[in-house]
Amino acid sequence: MKVPLTAFSGVVLVSRGDETLVSEARGFAHRGYGVENTADTRFAIASGTKGFTALVVVGLIAEGRLSLETTARSILGADLPLIDDAVTVEHLLTHTSGIGDYCDEEADPPPTPLLATSADYLGALDGFPQRSVPGTEFRYSNGAFAVLGLLAERVAGRPFPDLVHERVCAPAGMTDTAFLRSDALPGRTATGYLEDGRTNVFSLPVAGFGDGGIYSTAPDIRKFWPAFLGGRIVAREWVTRMLRPHTDRYGLGFWLPWPGAVRLEGGDHGVSFRSTHANGVTATLISNHHRGGGPLLRQLDEFLTKP
């Protein structure tokens, strides 16, 4: 497979089992210092994080510490009073909770608050009225997965980033995946860029949470799929349940773009990410520009759907 990467900034990695079909890095991780992207550069993956959040929550369900029928209210107590008392963990996982979204992708985005801790997110999530009756419609919700992060923290008694590391990254061997502060990025990590050339440091939360913002590499994402699908993160019976369509080609935290395919994806200011596994092949595009995919994404999908 040949991928045209003119003007692309990021990494494309396509693999079948242990065989690498494509591994290409282009553009700059930091334009000002002329630092080039490499195959193991870390990038923000935005909402790709939601699959990891779902796995943390499902892991707690498998342990009997939560259930799909657990209401958010039973854990939140008096916090976030505008969330309907009938909203369950399953509603949150399937984007059918109908809660008001603090980060509504259908509306003009508000100024990004300085979100760095779970307490910051709790404050940001407050004050948004319920938008629909729980369980009645699919409405993509960043807020729902931020709430799931809060629920997981309270049930497990551990900071959410630690839960993701312990329950997802460690069993998958993903040593380059972590929640990093956008204002203190370490070496080998790409800065995101807006269309006008500015960095995205003032456009994103300081640190991500349940709805997005983890940093990873294309090789780490390659490690993720066999660990997840092979039952090393949650048991295979739960993998099957997570990949069962609920609404709008969506399972529990994962997109199901066509039969036999499963996908994580995310996009934000200065971030473009998509990883799809289908027919034994994994195709990952990860970029430090929010228009980073374009025709490449279509070409990768065409390759994955070829007989």
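Note that this is a predicted model, so its numbers are computed, not measured.

A. Highlighting the overall build of the protein chain. Along its length, the protein chain carries nine helices and nine strands. By the compact-globule yardstick of 19 Å for 307 residues, the protein chain fits well, its C-alpha radius of gyration being 18 Å. In the protein chain, buried positions account for 53% of the 307 residues. The long-range share in the protein chain, meaning contacts at least 24 apart out of those at least 6 apart in sequence, stands at 67%.

B. Broad picture of the environment of Ala227. When you line up the elements, Ala227 lands in helix α7 (residues 218–229). Sequence separation of Ala227 and Cys169 is 58 residues, and the distance between their C-alpha atoms is 9.5 Å. For Ala227, the residues in contact, after removing those within four places along its chain, are Ala172, Arg232 and Ile233.

C. Representation of the nonpolar core within the structure. Phe52 and Phe224 are the most contacted members of the largest nonpolar core, which totals 69 residues. A total of nine residues in this core trace back to one element, the largest contributor, which is helix α5 (residues 142–156). Beyond its immediate chain neighbours, meaning those up to four positions away, Phe52 contacts Ile45, Val164, Val168, Met174, Thr177, Ile214, Ile221, Phe224 and Leu264. Within the second largest apolar cluster, twelve residues are counted, among which are Phe8, Val14, Ala283 and Phe303.

D. Local environment of the sheet that holds strand β2 (residues 19–26). Spatially, the five strands line up as an open sheet ordered β2-β1-β9-β8-β7, and their pairing is antiparallel. For this open sheet the edge positions go to β2 and β7 (261–268), each flanked by a neighbour on one side alone. Recorded for the sheet is a direction-independent mean angle of 0° between the axes of neighbouring strands. Looking at chain direction, β7 and strand β8 (residues 271–278) are connected through eight bridges and run antiparallel. If you follow Gly267 over to β8, its bridge partner there is Ser272. On top of the sheet, helix α9 (residues 295–305) reaches β1 (10–16), β2, β7, β8 and β9 (281–287); it is set at about 175° to β9, its chief contact.

E. Geometry of the packing of aromatic side chains. Tallied over the entire structure, the rule returns 15 aromatic pairs. Judged by centre distance (5.1 Å) and plane angle (70°), the rings of Phe224 and Trp225 are edge-to-face. Note on Phe224 and Phe228: the rings are 5.6 Å apart at their centroids and 15° apart in plane angle, and the pair reads as stacked. With a gap of four residues between them, Phe224 and Phe228 both fall in helix α7, about one helical turn apart. Each of the two residues, Phe224 as well as Phe228, counts as buried. Cluster of aromatic residues (ring-pair linked, three or more members): Phe52, Phe224, Trp225, Phe228 and Phe254. Over the face of the ring belonging to Tyr193 we find Arg31, whose NZ or CZ atom lies 4.2 Å from the ring centre.

F. Representation of the pattern of salt bridges within the structure. Taken as a whole and judged by the stated rule, the model has 16 salt bridges. Its salt-bridge partner being Asp176, residue Arg188 comes within 3.0 Å of it at the nearest N-O pair. Residue Arg188 is located in the loop between α6 (160–172) and β6 (215–216), and its partner Asp176 is located in the loop between α6 and β6; the two are separated by twelve residues in the primary sequence. A relative accessible area of 37% places Arg188 in the partly exposed class. Taking the shortest distance from any N to any O, the salt bridge between Arg274 and Glu265 comes out at 3.4 Å. Classification of Arg274 as buried rests on a relative accessible area of 17%. Three or more residues joined by partner-sharing salt bridges are found here, namely Arg263, Glu265, Arg274 and Asp301.

G. Expanded view of helix α1 (residues 49–62). Along its 14 residues, α1 runs 20 Å from first to last C-alpha, staying within 8% of the 20 Å computed at 1.5 Å per residue. Burial analysis of α1 places 13 of its 14 residues in the buried class, which makes it a mostly covered element. Note on α1: the residue one or two positions beyond its end, Gly64, has a positive phi of about 80°.

H. The arrangement of the environment of Ala29 in detail. Within the secondary structure, Ala29 sits in strand β3 (residues 28–30). Ala29 sits 258 residues away from Ser287 along the chain, and the two C-alpha atoms are 9.4 Å apart. Ignoring sequence-local partners within four residues, the contact set of Ala29 consists of Val35, Glu36, Asn37, Thr41, Thr189, Ala190, Thr191, Tyr193 and Asn288.

Thresholds applied
Residues numbered from 1 in each chain as written. Predicted model: local features only at pLDDT ≥ 70, side-chain atom pairs only at ≥ 80, totals over all residues. Heavy atoms only, no water. Helix = DSSP H or I, 4+ residues; strand = E, 2+ residues; numbered from the N terminus. Rg over C-alpha atoms; globule rule 2.2 N^0.38 Å. Buried < 20%, exposed > 50% of the residue type's maximum accessible area, 1.4 Å probe, protein only. Contact = heavy atoms within 4.5 Å. Core = buried A, V, L, I, M, F, W, Y, C linked by side-chain atoms within 4.5 Å. Pairing = 2+ DSSP bridges. Axes fitted to C-alpha atoms, helices over the stretch in contact; angles between N-to-C directions. Phe/Tyr/Trp six-rings, centres within 6.5 Å; stacked < 30°, edge-to-face > 60°. Lys NZ or Arg CZ within 6 Å of the ring centre and 35° of its normal. Salt bridge = Lys/Arg side-chain N within 4 Å of Asp/Glu carboxyl O. Expected span 1.5 Å × (residues − 1).

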